[in-house]
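Descriptive analysis of the structure
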Amino acid sequence: MDAKARNCLLQHREALEKDIKTTYIMDYMISDGFLTISEEEKVKNEPTQQQRAAMLIKMILKKDNDSYISFYNALLHEGYKDLAALLHDGIPVVSSSSGKDSVSGITSYVRTVLCEGGVPQRPVVFVTRKKLVNAIQQKLSKLKGEPGWVTIHGMAGCGKSVLAAEAVRDHSLLEDCFPGGVHWVSVGKQDKSGLLMKLQNLCTRLDQDESFSQRLPLNIEEAKDRLRILMLRKHPRSLLILDDVWDSWVLKAFDNQCQILLTTRDKSVTDSVMGPKYVVPVESSLGKEKGLEILSLFVNMKKADLPEQAHSIIKECKGSPLVVSLIGALLRDFPNRWEYYLKQLQNKQFKRIRKSSSYDYEALDEAMSISVEMLKEDIKYYYTDLSILQKDVKVPTKVLCILWDMETEEVEDILQEFVNKSLLFCDRNGKSFRYYLHDLQVDFLTEKNCSQLQDLHKKIITQFQRYHQPHTLSPDQEDCMYWYNFLAYHMASAKMHKELCALMFSLDWIKAKTELVGPAHLIHEFVEYRHILDEKDCAVSENFQEFLSLNGHLLERQPFPNIVQLGLCEPETSEVYQQAKLQAKQEVDNGMLYLEWINKKNITNLSRLVVRPHTDAVYHACFSEDGQRIASCGADKTLQVFKAETGEKLLEIKAHEDEVLCCAFSTDDRFIATCSVDKKVKIWNSVTGELVHTYDEHSEQVNCCHFTNSSHHLLLATASSDCFLKLWDLNQKECRNTMFGHTNSVNHCRFSPDDKLLASCSADGTLKLWDVTSANERKSFNVKQFFLNSEDPQEDMEVIVKCCSWFADGARIMVAAKNKIFLWNIDSCSKVADCRGHLSWVHGVKFSPDGSSFLTSSDDQTIRLWETKKVCKNSAIMLKQEVDVVFQENEVMVLAVDHIRRLQLINGKTGQIDYLTEAQVSCCCLSPHLQYIAFGDENGTIEILELVNNRIFQSRIRHKKAVWHIQFTADEKTLISSSDDSAIQVWNWQLEEYVFLQAHQETVKDFRLLKNSRLLSWSFDGTVKVWNIITGKIEKDFVCHQGTVLSCDISHDATKFSSTSADKTAKIWNVSNGELLHLCAPLSEEGAATHGGWVTDLCFSPDGKMLISAGGYIKWWNVVTGESSQTFYTNGTNLKKIHVSPDFKTYVTVDNLGILYILQTLE
């Protein structure tokens, strides 16, 4: 680069780096050939827009004068006229010795040669395809002046002719390889008379002075001979270009020792000729950016200014140069018809998209028809069978073997014929072949064969049934994935409604498909074919869809859960439950273990859909304005967009360099905003996922972003840990307003429905309302006082209010704190409802546009969709996890404390509840004969209540700290308690005698009474001890874990004992020598514990062969093998204790949501 150009670029470097967006600039320079793909990637890797611009300019400074000119032209092309003007004075003078035309970029020599040879000019709208042009030129160079063939091969409308013409628009190539000139012949589909006419015209053009003959050749053989002489003597070392060759016999007329470039849809046409042969395959798609560039040039707009329909048109065309050009030409004449032509494409109305003057076919469907008609008669009807294939689906050979009842080799021979004619595409993956149609070919086939489609779909189902049973498909079968994904589609299309219902209402099919592909596609199918499934049984359809929606997060787990056990947790009226019960009974007879949740009818499911789109905590989720899509973001740094009804994924974007904390749809659904720990705010195109804006003015992480509710004047609000809120106008590059007032991190912000107010909530414990117009503070609320009436103890009241959401009427607002969601009336400051379901912190709450449902997102990696009416009506009692259970014959009696401090006695079989008293208790227990209850509190006090007359007995000697576990002995005369003070107290409450067991160094976690006045205790000090409660002496002392021992149990034969620890493992030990026998809960490869958290309780079966453990869920283990026998997933998690009946057939626990589970083994 000369000094003047370099100095000019350096002088204005700062202005350029500040303003330019590199993406489109680089596209232009790459198409010009002055920037490489690797250089583009290097620029894109820079973290900020300004750094990317700096890197690009740094590269240009190292290049030549032509690169400076290309950069200057790119600025003009992308609308940076002011910046281009800065560089105008530095434009270097390029030598004109090559005779380059400043407009077309080609020399006068090239222009003359191409004009004389009849090569078509560039289209009115032209987009370079540099890589393909270079490939063609390289193949032409390989001919080295010798006879040979270069074939450009691709489907109709992929731009073969334009590429052929562009390849010879090169000075060096013509001068070095084809000094004799270039001669273009448009061949097309010809009979012999038509071909003779083409040959006569070519001979006349090559012999204009008639020096060889004054009359035209009279037949093809004479014409072939005349052409050979002319090319050899009069035009040596010239190139003959044959455009659009259909038949191999046509090529024989030109097989006369020439250098030939040809374009064709059938790459086998050169099989009949001799000489070196080279092939350049042309992809059917331009690519999205190139397609948009063509449209922008046709309608004279910048790419960034094209309407949304432009993106959809490119998507529908799959970038076909022919169709994009047809649409572009039409839009140039009718610029307001974007929506109209998009609908024509979507409805496959090709005949309404009339020809471009530069193309020979009346319409696209005519070009397709001609290709199909050229097939041999004996394979034509096989091509018709492909009408049933879906777009963008690659079909294994085995599927077509089943469809046509043929051997693999026979099928591949037929399909290769289609591939050779560009009517089908082949993708080879290892040893297997997969075939697919271009989208336009699918559209053509379905339109042409619409009357046969039902029968064609019926044919493939009939053939499938001959070879397979749906639920017996094996993952190692080549065609397995195809049938799992499209079997229901073919049944529905064949109108085989009975077979479709049988398939979709089969628990075997649900299990097989979800285990392989997950639940989202199945949910989509239930929605897609609801009109058919409801004809059979509307309730059954709802049963299966609800089962999949609410268990979706479990059905994506590895290892895959037992779907029969999940089905047994459904309501007894559900078809899912009934099928699961039937299967379970059959498997129980073969030794399988299954559990019935006998009190499940008391539980109401409030959420409607549970999905797990992220690999880490989900920080936010929101609806699109039309309610059809949900966007979510989280700790995995991604933005996800999926369908609201089914959970089907639409977009996945690596959005930021750090955790993404919030996302929001704009009112018109065109944009999604995201904000992150990386302090940036970004605006994305919600359909394509392209980055539109980046804002970088906050000094700390940005916690929240929200658009105004009206699109008339679109504003974005952001809240940050720098204590500020900011308002952004998307038409401006800088912040419009900054709001001051919070004294700690601002966690959340929301515009009121009328956009006049902005609500914000902060770690300073306040909710503030701001005037949007003036940015002044209107009102401030102390939110913490709303939580003081909660059931949580006072010391837990340092609650950060995470977020809020306005109801449509502006009178109610929803607030999230910890793992709970509260609905408040703003005017009266009264709580309307609350709901629980998440297993960890809730980060986001958001009403749907109509208020009928709302979204919550959580650290537990799930997003839950709730029904507002159900939540507001729900008044379920939530139990604390400190419960005690007594098993008497067929009775299960549960003593529990609820969330409003009531002590209650629950009959587990009937569900009857007796409310006993209100008490501030930390633990409670029942005496074995149900005569007494005992409870301890956090001050160390222990009391006994006699149920018959309500007499209370209080321990004379209190624990020094909170009591965490108490238990009666079998004779009900003694009460044993453990506490944070590391002591165990043995209190004969009738004789007022005390024995203290003191040897643990830290808090006693729990204990268990054994036979013969023995007691097993375990502690935070990692030890397990066996005591004699009469003498108070230690009989055995085991060091089992380095950390806290959470639970222990001894087998009934006293030969084995188990321990669990905070290291998330469960171990089985030999009592006599302390040897480790089994490690039951090793960490999986992914690092996720087998129990989903700490193992908090264990219990042996009476025969010592089975062990049950509690943690994140409940697991049953085979003690002999150490393998899991069954898993029961509770709604919540963090199970503290599992109570087991003496016969090991009934199990009771409470999860952290306060839900009581009474489980029985199925017999």
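Residues numbered from 1 in each chain as written. Predicted model: local features only at pLDDT ≥ 70, side-chain atom pairs only at ≥ 80, totals over all residues. Heavy atoms only, no water.

Some words on the UniProt feature "repeat: WD" (unreviewed entry) in the chain
In this structure's numbering, the residues bearing the UniProt feature "repeat: WD" (unreviewed entry) are residues 611-652, 653-694, 695-738, 739-780, 835-867, 956-988, 997-1037 and 1038-1079. For the annotated span residues 956-988, helix accounts for 0% and strand for 52% of the residues, and the straight-line distance between the end C-alpha atoms is 11 Å. (UniProt positions renumbered as here; feature names shortened; annotations may be inferred. Helix = DSSP H or I, 4+ residues; strand = E, 2+ residues; numbered from the N terminus.)

Some words on the packing of aromatic side chains
According to the stated counting rule, one finds 26 aromatic pairs in the structure shown. Consider the rings of Trp 987 and Tyr 994, whose centres lie 6.2 Å apart with planes at 0°: the pair is stacked. Taken as a pair, Trp 987 and Tyr 994 share a single burial class, namely buried. A ring pair is formed by Trp 1116 and Tyr 1147, whose centres lie 5.2 Å apart and whose planes are at 80°; its orientation type is edge-to-face. With Trp 1116 in strand β56 (residues 1114-1118) and Tyr 1147 in strand β59 (residues 1146-1150), this residue pair connects regions lying 31 residues apart in the sequence. (Phe/Tyr/Trp six-rings, centres within 6.5 Å; stacked < 30°, edge-to-face > 60°. Buried < 20%, exposed > 50% of the residue type's maximum accessible area, 1.4 Å probe, protein only.)

Some details on the nonpolar core
Within the largest apolar cluster, 82 residues are counted, with the highest numbers of intra-cluster contacts made by Leu 386, Trp 404 and Phe 418. Ranked by residue count, the leading element in this core is helix α25 (residues 480-493), at ten residues. Beyond its immediate stretch of four places on either side in the chain, Leu 386 contacts Leu 400, Trp 404, Phe 418, Leu 424, Leu 437 and Leu 445. (Core = buried A, V, L, I, M, F, W, Y, C linked by side-chain atoms within 4.5 Å. Contact = heavy atoms within 4.5 Å.)

Some remarks on the pattern of salt bridges
A side chain of one charge can pair with a side chain of the opposite charge if their charged atoms are brought near each other. Counted by the stated rule, this structure contains 29 salt bridges. For Glu 652, the salt bridge goes to Lys 649, with nearest N and O atoms at 3.2 Å. By relative accessible area, which is 52% here, Glu 652 ends up exposed. In this structure, Arg 1008 engages Asp 1097 in a salt bridge whose closest nitrogen and oxygen atoms are separated by 3.3 Å. Of this pair, Arg 1008 sits in strand β46 (residues 1004-1009) while Asp 1097 sits in strand β54 (residues 1097-1100), placing them 89 residues apart in sequence. Residue class for Asp 1097 comes out buried when judged on its relative accessible area of 2%. One network of salt bridges, in which partners are shared, links Asp 1006, Arg 1008, Asp 1049, Asp 1097 and Lys 1137. (Salt bridge = Lys/Arg side-chain N within 4 Å of Asp/Glu carboxyl O.)

Concerning the sheet that holds strand β58 (residues 1139-1140)
Read across the open sheet, the four strands follow the order β9-β60-β59-β58; overall the sheet is antiparallel. In this open sheet, the two edge strands, each paired with only one partner strand, are β9 (595-597) and β58. Note that β58 and β59 share two bridges and pair antiparallel. In the strand pairing of β59, Val 1140 is matched with Tyr 1147. (Pairing = 2+ DSSP bridges.)

Remarks on the pairing of strand β21 (residues 725-729)
Among the five residues of β21, five are classified as buried, and the element is accordingly described as predominantly covered. Here strand β20 (residues 715-720) folds back onto β21 in antiparallel fashion, the turn holding four residues, of which Cys 723 has a positive phi close to 80°. For β21 and strand β22 (residues 735-739), the ladder comprises four bridges, and the chain directions are antiparallel. If you follow Lys 726 over to β22, its bridge partner there is Thr 738. Hairpin connection, β21 to β22: the antiparallel pair is bridged by five residues.

As for helix α5 (residues 49-61)
With 13 residues, α5 ought to run about 18 Å at 1.5 Å a step, and its terminal C-alpha atoms sit 19 Å apart, in line with that. Inspection of α5 places Arg 52, Ala 53, Met 55, Leu 56, Ile 57, Met 59, Ile 60 and Leu 61 among the buried residues, and these make up the whole buried set. (Expected span 1.5 Å × (residues − 1).)

Some words on the environment of Leu 76
Relative to the helices and strands, Leu 76 is located in helix α6 (residues 65-77). Sequence-wise, Leu 76 and Ile 25 are 51 residues apart; in three dimensions their C-alpha atoms are separated by 9.7 Å. If we ignore the near neighbours within four places in the chain, the residues touching Leu 76 are Lys 81 and Ala 84.

What to know about the environment of Trp 149
Positionally, Trp 149 belongs in strand β1 (residues 148-153). In this structure Trp 149 comes out as buried when scored by relative accessible area, which is 2%. Considering only alpha carbons, one finds Trp 149 and Cys 258, 109 residues apart in sequence, at a separation of 8.4 Å. Here Trp 149 is in contact with Leu 143, Leu 251, Phe 254, Asp 255, Ile 260, Leu 262, Val 273, Met 274, Pro 276, Lys 277 and Tyr 278, once residues within four sequence places are set aside. At 2.8 Å, the side chain of Trp 149 and the backbone oxygen of Met 274 are in polar contact. (Polar contact = N/O pair within 3.5 Å; in protein donor to acceptor, adjacent residues only side chain to side chain.)

Some points on the sheet that holds strand β38 (residues 923-926)
Backbone-to-backbone hydrogen bonds pair the strands of a sheet. The strands run either parallel or antiparallel. What the four strands build is an open sheet, ordered β38-β39-β40-β41; its pairing is antiparallel. Edge strands, defined here as strands with exactly one partner in the open sheet, are β38 and β41 (952-954). The mean angle between the axes of side-by-side strands here comes to 20°, regardless of whether they run parallel or antiparallel. Taken together, the five bridges between strand β39 (residues 932-936) and strand β40 (residues 942-946) define a ladder with antiparallel strand orientation. When the sheet's bridge partners are listed, Phe 935 is paired in β40 with Glu 943. (Axes fitted to C-alpha atoms, helices over the stretch in contact; angles between N-to-C directions.)

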